[in-house]
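Below are the chains, spelled out letter by letter.
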Amino acid sequence: MLLQGNSFKTKEELHSAIKEIMPSINSLNVFERKTAYNGKFLFNLKGLNGKVIGKSQFYSSEAGMENGIKNLKNSFLSMPNLQTL
């Protein structure tokens, strides 16, 4: 699992969040990189308003976290048209 998302009340709310992120998925501001108290690495996916949309799993290395971000970006970029979701 790449990302644990926040709950969305409606399908439209989810689609709106995805549409907001898509144009800026390659922006550095969308991914907040963090180090947990136990030394493990994680990242948050943030909307343009700064609100956390989802949190990653813990990674044992910074390179692993960066690979997780890369995989999430690729997943977003290969998503089908939202009308089919």
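Everything below is about the structure printed above this text.
Note that the structure is a prediction, hence the values are computed from the model and not measured. (Residues numbered from 1 in each chain as written. Predicted model: local features only at pLDDT ≥ 70, side-chain atom pairs only at ≥ 80, totals over all residues. Heavy atoms only, no water.)

Caption draft 1: Layout of the nonpolar core. Ranked by internal contacts, the top residues of the largest apolar core, which has 14 residues, are I21, F31, F43, L45 and F76. Of all the secondary-structure elements, those providing two or more residues to this core are α1 (11-21), β3 (41-46) and α2 (62-77). Per-element tally for this core: the top contributor is α2, with four residues. Beyond its immediate sequence surroundings of up to four residues, F76 is in contact with I18, I21, M22, I25 and L45. (Core = buried A, V, L, I, M, F, W, Y, C linked by side-chain atoms within 4.5 Å. Buried < 20%, exposed > 50% of the residue type's maximum accessible area, 1.4 Å probe, protein only. Helix = DSSP H or I, 4+ residues; strand = E, 2+ residues; numbered from the N terminus. Contact = heavy atoms within 4.5 Å.)

Caption draft 2: Molecular detail of α2. Between its terminal C-alpha atoms α2 stretches 23 Å, which fits the 22 Å expected from 16 residues at 1.5 Å a residue. Within α2 the residues assigned to the buried category are M65, G68, I69, L72, K73 and F76. Looking straight down α2, one finds that the buried residues subtend no more than 135° of arc, so they occupy a single side. In α2, the exposed positions angled more than 90 degrees off the buried face are occupied by A63 and K70. (Expected span 1.5 Å × (residues − 1). Arc of directions from axis to C-beta.)

Caption draft 3: Region of interest: the packing of aromatic side chains. As enumerated under the stated definition, the model contains two aromatic pairs in all. Between F43 and Y59, the ring centres sit 6.3 Å apart and the planes meet at 15°, which makes this aromatic pair stacked. Pair noted here: F43 is in strand β3 and Y59 is in the loop between β4 (52-55) and α2, with a separation of 16 residues, a long-range link. Residue classification places F43 among the buried residues on the basis of a relative accessible area of 0%. Taken together, F31, F43 and Y59 form an aromatic cluster joined through their ring pairs. (Phe/Tyr/Trp six-rings, centres within 6.5 Å; stacked < 30°, edge-to-face > 60°.)

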